[in-house]
Amino acid sequence: MARLSHNISAILENLLKNYNNQVRPGYHEGRTTIVKFSLLIRSMGPISEKDMKYSMECYLRQEWSDDRLRFNGPLQQLTLNIKMLEALWKPDTYFHNGLGSYVHMTTRPNKLIRINQNGDILYSMRLTIKAKCPMELRNFPLDKQSCPLVISSYAYTEKDVKFVWDKKLVNFVPGMALSQFEIINTKCTNYSVRWRAGKGMYSALRVNFNLSRSAGYFLIQVYVPCILIVVLSWVSFWINREATSDRVGLGITTVLTLSTISLDTRTDLPKVHYATALDWFILMSFGYCIATLLQFAGVHFFTKVGSGEIMTEEEEWEDVVEVVGDACEALEESSAPQELGTSYDSSVDGRRELVFINSRHQACPPGAAIIYATLNSDAGVMNHSGESLATYRSAETQTEKKEKCLSQFYHCILGDESYRRDRQREACLQRSVNSVSTIDTMSRILFPLSYGLLNLWYWYSYYDTTLVFNWSDPGFDDLGFGLHDRNMITSGERGDVL
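Residues numbered from 1 in each chain as written. Predicted model: local features only at pLDDT ≥ 70, side-chain atom pairs only at ≥ 80, totals over all residues. Heavy atoms only, no water.

Novice: I'd like a rundown of the overall build of the protein chain, residues and numbers included.
Specialist: A tally of helices and strands in the protein chain yields eight helices and 18 strands. The buried share of the protein chain, reckoned over its 498 residues, is 45%. The contacts in the protein chain between residues at least 6 apart in sequence include a share of 74% that link residues at least 24 apart. Summed over all atoms, the accessible surface of the protein chain reaches about 26800 Å², with 54% contributed by carbon and sulfur. (Helix = DSSP H or I, 4+ residues; strand = E, 2+ residues; numbered from the N terminus. Buried < 20%, exposed > 50% of the residue type's maximum accessible area, 1.4 Å probe, protein only. Contact = heavy atoms within 4.5 Å. Areas by Shrake-Rupley, 256 points an atom, 1.4 Å probe, with all protein chains shown as cover.)

Written out as structure tokens, the structure is:
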């Protein structure tokens, strides 16, 4: 054992005796140094849409041949201490689109170097790589993204050092999974590129991680709540048309809830200049909630009189007192006594007034009482103390004037108050004053049907989106996808040097 250790020490001393780590392998022979690369991905993420970057932990393996390190001995392969790295030549590898990558140092620098008898060298290290990943978010969160990693030599041209992918290419640790994405595949490409500020071609490698976003989180947190809120806003179509505060309150609540959801979804997204697929869905839901409010505005404009609200304005009570007085005078002048339930019909200021006479009313002569209903009030049939007793309906009154829908819509948009009061007076003479609005009846069908069709179109349009690759960098011109593409490279900042 001691002899073996002595032989290994002697081999290393002989290897490094005349070794110059400033000169690359094959320089004196005029050969190009071929460096083979492979990656083993241990974990990947987080992938940030807001910062448009991603990170991953991996083993980066580099292999090349150095004839100056050939040896003969009892071992086929030598595993060297990391201190020996400083004495050997290594490729000046860097990540062109890197953002602060680093080598793990716990508990010692996570590096490995092995030398075979024929001079082949394996150099492996454990890295955490942070790199740029420009994303096209128009289809978010039903999108597919392609995140690149570009590896190149920092100083050596292609004539000196050439990077190629090993047969192992890029692999993943079994069982590795991402929280929001699924890995579709990876695509590895070799390039020869040129710096415009310098001379010569440079060798570069690129691997594209093609990812498909899992939309389950957004279905639970955004899509389903938005759909339920829109459906909730349709409940107002079945609420009494005269329940103004209830229907308006429901509409405003749904709008405010959607506003909160919209703001929350934008928290982790960049402030892009275009609308995403999620934005369009929320806007569509917004539109339906606001349309529900506007629908009720139209319903309220055509709301009929006599719905049960008590008169509170003094002018209306003065009209009641005036008509009651007229009715009592008519009773005094009448030669025939009025029986319980007899009606008196009069007209005050061009309005039709109907009075029911009851023998217990204190304001009239003994044996008479008056219950009042006016066409200019929303109170129905009331007694003098303001208590609602009944709603007057008569089969003998004239029917409501029929008008075309466009004419009614025109007056509604103009907000014609005189037109509204005329309709109220006419509506009070109908047999059914508190009827269901035709607008509400139509909305119960049109709103769900149109919203369902829009949802079908939305999911059909965004379900199977195409893979978007939108990588660009100040240091590279258009790279393309072919092997050994020769493209111009602009001058710019370079990435993380290992």
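Once the structure has been displayed, the description carries forward.
Novice: Describe in detail the side chain of Arg247, supporting the description with residues and values.
Specialist: Here Arg247 is to be found in helix α3 (residues 244–265). A polar atom in the side chain of Arg247 sits 2.9 Å from the side chain of Asp440. If near-sequence neighbours (up to four positions away) are discounted, Arg247 is found in contact with Ser236, Phe237, Ile239, Asn240, Arg241, Gln295, Phe296, Val299 and Asp440. (Polar contact = N/O pair within 3.5 Å; in protein donor to acceptor, adjacent residues only side chain to side chain.)

Novice: Run through the state of the cysteines, naming residues and quoting values.
Specialist: Across all of its chains, the model carries one disulfide by this definition. Looking at Cys289, it has no disulfide partner, and the nearest cysteine sulfur is the one in Cys226, 8.5 Å off. (Disulfide = S-S within 2.5 Å.)

Novice: Run through α3, naming residues and quoting values.
Specialist: Here α3 is 22 residues long and its end C-alpha atoms lie 32 Å apart, about the 32 Å a rise of 1.5 Å per residue gives. Along its buried surface, α3 packs onto α2 (216–233), α4 (277–301) and α8 (438–462). (Expected span 1.5 Å × (residues − 1).)

Novice: I'd love a proper account of the pairing of strand β2 (residues 53–65), names of residues and values included.
Specialist: Where strand β1 (residues 33–48) meets β2, 10 bridges bridge the pair, whose relative direction is antiparallel. Along β2, the bridge assignment pairs Met44 with Met56. Between β1 and the antiparallel strand that follows it, β2, lie four residues; Met52 among them carries a positive phi value of about 50 degrees. Here 13 bridges tie β2 to strand β7 (residues 120–132), and the two strands are oriented antiparallel to one another. For Arg61, the partnering residue across the bridge sits in β7 and is Ser124. (Pairing = 2+ DSSP bridges.)

Novice: Account for the environment of Asp279, with residues named and values stated.
Specialist: Relative to the assigned elements, Asp279 resides in helix α4. A relative accessible area of 13% means that Asp279 is categorised as buried. Measuring from C-alpha to C-alpha, the distance between Asp279 and Asn139 comes to 9.7 Å, with 140 residues separating the pair along the chain. When near neighbours in sequence (up to four residues on either side) are disregarded, Asp279 contacts Arg266 and Tyr274.

Novice: How would you summarise unusual backbone geometry if you had to cite specific residues and measurements?
Specialist: Residue Pro46 is reached from Gly45 by a cis peptide bond, and omega for that bond is 5 degrees. Within the secondary structure, Pro46 sits in strand β1. Of note, the amide linkage connecting Phe140 to Pro141 takes the cis form, showing an omega dihedral of 5 degrees. Its location among the elements puts Pro141 in the loop between β7 and β8 (144–153). The phi torsion at Met52 lies on the positive side, around 50 degrees, for a residue other than glycine. Relative to the helices and strands, Met52 is located in the loop between β1 and β2.

Novice: Explain the nonpolar core to me, using residue names and the numbers behind them.
Specialist: Burial of nonpolar side chains together is a common tendency in soluble globular proteins. Judged by nonpolar contacts, the single largest core of 79 residues is most densely connected at Leu39, Ile41, Tyr54, Leu149, Trp165 and Phe209. It is α4 that contributes the most residues to this core, eight residues altogether. Residues in contact with Leu39, not counting those within four places in the same chain, are Cys58, Tyr59, Leu60, Leu149, Trp165, Leu169, Val170, Asn171 and Val207. (Core = buried A, V, L, I, M, F, W, Y, C linked by side-chain atoms within 4.5 Å.)

Novice: Can you tell me about the packing of α4 against α8, naming the residues and giving the values?
Specialist: Two quantities define a packed helix pair, namely the angle between the axes and the distance from one axis to the other. Orientation of α4 relative to α8, taken along the N-to-C sense of each, is 170 degrees, at an axis distance of 12 Å. As far as their axial angle goes, α8 and α4 are roughly antiparallel. Contacts between α4 and α8 involve Ala277, Leu278, Trp280, Phe281, Met284, Ser285, Tyr288, Ala291, Thr292, Gln295, Gly298 and Val299 from the former and Ile439, Asp440, Ser443, Phe447, Ser450, Tyr451, Leu454, Asn455, Tyr458 and Tyr462 from the latter. (Axes fitted to C-alpha atoms, helices over the stretch in contact; angles between N-to-C directions. Parallel < 35°, antiparallel > 145°, perpendicular 65-115°, else oblique.)

Novice: Break down the side chain of Asp166 for me, with residues and values.
Specialist: When you line up the elements, Asp166 lands in strand β9 (residues 161–172). Within the buried set, Asp166 has no salt-bridge partner at all; the shortest N-O distance to an opposite charge, 4.9 Å, is to Lys36. When sequence neighbours within four positions are dropped, the list of residues in contact with Asp166 reads Lys36, Phe37, Ser38 and Glu63. (Lys, Arg positive; Asp, Glu negative; His and termini not counted. Salt bridge = Lys/Arg side-chain N within 4 Å of Asp/Glu carboxyl O.)

Novice: I'd love a proper account of the pairing of strand β3 (residues 77–80), names of residues and values included.
Specialist: Side-chain alternation along β3 places Leu78 and Leu80 on a buried face and Gln77 and Thr79 on a face that remains uncovered. Bridge count between β3 and strand β6 (residues 111–116): four bridges; the pairing is antiparallel. Bridged to Leu78 within β6 is Ile115.

Novice: Can you lay out the packing of aromatic side chains for me, pointing to particular residues and giving the numbers?
Specialist: Under the defined criterion, the tally for this structure stands at 20 aromatic pairs. Ring centres 5.6 Å apart and planes at 85 degrees place the aromatic pair Trp234 and Tyr451 in the edge-to-face group. In this pair, Trp234 is assigned in the loop between α2 and α3 and Tyr451 in helix α8, connecting sequence segments 217 residues apart. The pair formed by Trp234 and Tyr451 is uniform in burial state, with each residue classed as buried. Between Phe237 and Trp238 the ring centres are 6.5 Å apart and the planes differ by 40 degrees, which places this aromatic pair in the tilted class. The buried category is assigned to Phe237, whose relative accessible area is 1%. Within the aromatic cluster, the residues linked to one another by ring pairs are Trp234, Phe237, Trp238, Tyr288, Phe447 and Tyr451. (Phe/Tyr/Trp six-rings, centres within 6.5 Å; stacked < 30°, edge-to-face > 60°.)

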